[in-house]
Amino acid sequence: MEVDRILYSITKNGEMDMATKNKKKAAPKMTASEKYQYTMKVVTSATCIACKKQCTRGLQYIEKMSKPGAIGKGVACHLTKGKAFK
């Protein structure tokens, strides 16, 4: 007679739950602009207005900040993209 072993874990409430196996989730695919987003400098809408090469992200930010009472933290500029960290 075979006996299957079942792992149990105790929750904070003191109840026993069946332990589940950790499944690895696939990382979402990132575009090139998202990949380097954290190595870009964050600029304000004034910088985007003065920029010679206005990108779609900058134009959307300018439009958002032109509304009265808008509060923003800046937008990542692709012209200030640095090398990725190791």
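Note that the coordinates shown come from a computational prediction; the quantities given were computed from them, not determined experimentally.

*Asks:* Hey, could you go over the overall build of the protein for me, with residue numbers and the actual values?
*Replies:* Secondary structure summary: the protein contains three helices and four strands in total. Starting at the N terminus, the α and β elements of the protein follow one another as β-β-α-β-α-α-β. When each of the 86 residues of the protein is scored for burial, the buried share is 12%. Across the protein, the fraction of contacts at a sequence separation of at least 24, relative to all contacts at a separation of at least 6, is 46%. As presented, the protein carries roughly 8,500 Å² of accessible surface, and 56% of it is formed by carbon and sulfur atoms.

*Asks:* Account for the confidence of the model for the protein, with residues named and values stated.
*Replies:* Summarising the model, the protein shows a mean pLDDT of 76, and 63% of its residues fall at 70 or more. Within the protein, the lowest mean pLDDT, 54, falls on strand 1 (residues 8-10), and the highest, 92, falls on helix 3 (residues 56-65).

Definitions and limits used
Residues numbered from 1 in each chain as written. Predicted model: local features only at pLDDT ≥ 70, side-chain atom pairs only at ≥ 80, totals over all residues. Heavy atoms only, no water. Helix = DSSP H or I, 4+ residues; strand = E, 2+ residues; numbered from the N terminus. Buried < 20%, exposed > 50% of the residue type's maximum accessible area, 1.4 Å probe, protein only. Contact = heavy atoms within 4.5 Å. Areas by Shrake-Rupley, 256 points an atom, 1.4 Å probe, with all protein chains shown as cover. pLDDT = per-residue confidence, 0-100.

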